[in-house]
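The residues making up each chain are set out below.
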Amino acid sequence: MRKWVLSGMAVIGVAMILVVVLRAPVVSPEKPSDANSMEERQAAPASVPVIAETTVELPAPEPATELPNASHVGMLRGQVIQPDGHPAAGAEVRYTWKRSVRQAPLEDSDAELSAPGTGPAWTDEAGHFEIGALPRGELYISADHETGHVTTRRQVTADHPLHEITLVLQGGMSLGGKVVGRDGKGIGGAKIMRLARNGRGIWGYKSEGGAVLSDDTGTFQLRSLEPGEWTLHASAAGYGSVITAPLPTGIDNARIVLSEGAALPCQVVRQADGSPVAGIAVTLAYKAEDLTPARLISDGEGLATFTAVGAGRYVLDIEDPHYALAGPPIELTIDPSRKPDRVTLHVMEGGEIRGHLLDGATGAGIPDRVIRAWEQTRDHSYASSATNEDGAYVLSGLPQGTYTVSPPNRVPGYPQDPPIRQRETVALAAGQVSEGVDFTLTAGATLAGIVLDDAGNPVEGATVRSNAVEGRQNLAEFYTQADGRFYFGDYSEGEAIHLVAETPASRSGLVGPFVVGAPGSDDITLSLALDCSGVIAGRVVNRSGEPFSCKVMALATEESLQFPVMWPVGETDGGGYFVLPNVCAGTYTIELVPRSNARQQARTVAVSPGESVLGLSLVYDQGELLELSGVVEDTEGNRIAGAHVRAGLDSGQGISPPAMTTAGEGGEFLFEELPAGTYSVSANAAGYARSEDAKVAAGETGVVVVMIGAPQVSGTVTGADGAPLGAFILTIQVSEGIPRNPIVHHIADAGGHFSVDLPGQGKWTLRVEAEGHLPAEVDLGRVYDEMEIADIEIALQQAP
């Protein structure tokens, strides 16, 4: 073993040994699901979403007339527009409410997770509507009309209580049928939602957007679908749920059969003595499907029994403020024809991460801001905590693992430079408490003013956007209150900032630049002088005249309308129709952007104040569409499951927005419907520094994308007494070259061990700090991909 004994800030060059690192396949962590927040622990009916032919119990929403403990702070108003661009008179507008599980509740901690809204509202002859007394939280807003349906999501907070929106109805095909039990009788109140079209999953919010309920006879109808084959998820209280085989649009006789599944008994016991533990939230989730897991609370005997669980692969875990599983989540396979054995979940006191969010100038705590942590190897493992009045937070009940901890991306009054959120990595042993994971923000100078309408009155609910003229691109936004005032503290004194204010129907245009902290920078007036009530609408088809699915963008030619890149944008519906609302007077170039394809310019349109330019007919020439497939491997030929793969079309003038997919369990990937051309195919996955991009033509099979392992460094840290230090902070920073954000690891290991990935090739320095000791640094020199630097021993000296 080579040993480095460092005194104070001594810097010693490290001789490095090049080692080929053998890696097992790595599954890249997914973004945390909305449904897996730690603060969501409360009793709920057994509700298990199931894959393929599985059957499980997912209760339909229960009617409610009020939103328990919800603070009514907001208002919703706007307009509903038909797929052809005309106002939709008599449209029904509703909302359902869900307290956001993406952030810790600062109030209303006992609120229900979801409840119906108080509606409906109907639009007038001009398509306008208004709904008052919105609850704080996450709202799913839907509009129905004979011409189409639409669902969108809004977050109502004290900072952003007023929402003025335009809802564009989506037309298209329908798919209908009946949900029945094994006895053939219809099941009323069954919930049907869309999971995938032509084998491609629907992005995000699967459990909310587009879901419908069957009527008393079990009959349902999904409208506004793109043509193709749709995979559906159906569930009902008292029945197991099912994921259907692909069903084609245009039918009204689909038959979905729900039946009983298996009962899965689980018991929660303490690892130390085997005694039962009551009050633990046990979760049962799909292994391979991103659907809301079932949750049950263990009773006095530690028991939680999931009923009507269908065939499939599942993962059992717990969510609790104090306890964590003693091992990894339990994976199991259910066959309803065989009675499952009882599963025992051994739990122990969970670990904790503690720290503060502080003002850098005063040292005072910053309250009511949410700190989040993600466990890097567990899919969807997520925890959050709001800071108290002293800026302190505690993330508790954490299982052993490595966590990425970060404060909010934006905290009003505190600029972040560079404009990316701070992150720290904490290696947490079982039951370990890691303290001192602090974040410090520095307050910025003032940039403030008022938004007025064309009559000189303050405007409530206007959005004010800001952006730096040079350097960092730090787009921020503020929502005015009743007095029309806005305030930015997200910039440093002396920065030059552009501003724009807007409502759905009006805009100030590009204003500035203003110098932050200069005289008058705290008394700016933005006037909503531009009329932005125009509409551009039409239809997109391919060369054969068939409806074409793509994004439609209107790019303004006037500079004042180009900031901050918030041009009118929309998507075609199932019939190829699109609507771009809230268009300011000006001249626009209409561009068509299919997913992963190079964009095409289609038309130039001039819009007068308040004008509706309707009935445009646009043709996209997509040419021949091809597949592209292959596998992702490491340098040793091992397949990498879960790698995120991108294929960008090389147009000769750069790579177009890429197509994206996720490699399967065998590392395989497939892109469909790509236009002819040369593509740059790359991948990324946890534990790997980069991939060797493959340049291939559409239509190729057997493409191999090779991922290069990240360099690693490992060793031990000892204190002044020679004993291993069980807690220390290890920081990786650039020793030469372009400055980068340091990567901070909070290590909690009884043996003082550390083993971390380096950010990639380059020259790096390790800095080690521990309470009561002088810090020390190790200069690693130049590091190359897949290099392993092992057996570093760092001895810290006692602080005076």
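For the structure, check the block above.
What counts, and at which threshold
Residues numbered from 1 in each chain as written. Predicted model: local features only at pLDDT ≥ 70, side-chain atom pairs only at ≥ 80, totals over all residues. Heavy atoms only, no water. Disulfide = S-S within 2.5 Å. Helix = DSSP H or I, 4+ residues; strand = E, 2+ residues; numbered from the N terminus. Buried < 20%, exposed > 50% of the residue type's maximum accessible area, 1.4 Å probe, protein only. Polar contact = N/O pair within 3.5 Å; in protein donor to acceptor, adjacent residues only side chain to side chain. Phe/Tyr/Trp six-rings, centres within 6.5 Å; stacked < 30°, edge-to-face > 60°. Salt bridge = Lys/Arg side-chain N within 4 Å of Asp/Glu carboxyl O. Pairing = 2+ DSSP bridges. Axes fitted to C-alpha atoms, helices over the stretch in contact; angles between N-to-C directions.

J.: Before we go on, may I ask you to explain the state of the cysteines in this structure?
T.: Defined simply, a disulfide is a covalent bond joining two cysteines at their sulfur atoms. For the structure shown, the criterion picks out one disulfide. The side chain of C532 participates in a disulfide bridge whose partner is C584; the two sulfur atoms lie 1.9 Å from each other. Across the disulfide from C532 to C584, rotation about the S-S bond amounts to roughly 90°, and the bridge is consequently right-handed. Taken together, the residues C532 in the loop between β44 (530-531) and β45 (534-541) and C584 in the loop between β48 (577-583) and β49 (586-593) connect sequence positions 52 residues apart. One exposure class covers both C532 and C584, and it is buried.

J.: Looking at this structure, how should I read the side chain of E777?
T.: Mapped onto the elements of the fold, E777 is located in strand β65 (residues 776-783). At 3.5 Å, the side chain of E777 and the side chain of R767 are in polar contact.

J.: How should I be thinking about unusual backbone geometry in this particular structure?
T.: Backbone phi values are negative for most residues with the exception of glycine, while trans is the configuration of most peptide bonds. In the segment running from G512 into P513, the intervening peptide bond is cis, with an omega of 10°. Positionally, P513 belongs in strand β42 (residues 511-515). One non-glycine residue, D368, lies in positive phi territory at about 55°. Turning to its location among the elements, D368 is positioned in the loop between β28 (351-359) and β29 (370-375).

J.: Looking at this structure, I do not really get the packing of aromatic side chains. What am I missing?
T.: A ring pair, where both rings are aromatic, is described by two values, the distance of the centres and the angle of the planes. If you walk through the whole model with that rule in mind, you get five aromatic pairs. Here the aromatic rings of F478 and F488 are separated by 6.3 Å at their centres, their planes lie at 65°, and the arrangement is edge-to-face. With a gap of 10 residues between them, F478 in strand β38 (residues 476-479) and F488 in strand β39 (residues 485-488) connect regions that are remote in the sequence. Classification of F488 by relative accessible area gives buried; the value is 3%. Of the aromatic side chains, those joined through ring pairs into one cluster are F478, F486 and F488.

J.: Help me understand the pattern of salt bridges, please; the structure alone is not making it clear to me.
T.: A side chain with one charge can pair with a side chain of the opposite charge if their charged atoms come near. For the structure shown, the criterion picks out 13 salt bridges. A salt bridge links E502 to R507; the nearest nitrogen and oxygen atoms lie 3.2 Å apart. Taking the relative accessible area as the measure of exposure, R507 reaches 5% and is therefore buried. Residue R767 pairs with E769 through a salt bridge whose shortest N-O separation is 3.5 Å.

J.: Any chance you could explain the sheet that holds β39 here in plain terms?
T.: Through backbone hydrogen bonds, the strands of a sheet pair up, either in parallel or in antiparallel fashion. The strand order across the open sheet built from three strands is β39-β36-β43, with neighbouring strands paired in mixed fashion. Looking at the sheet topology across the chains shown, the edges are occupied by β39 and β43 (524-527). Averaged over all pairs of adjacent strands, the angle between strand axes in this sheet comes to 30°, irrespective of strand direction. Sheet topology note: the strand β36 (residues 447-452)/β43 ladder contains four bridges and is parallel. Each residue of the ladder has a partner; that of G449, found in β43, is I524.

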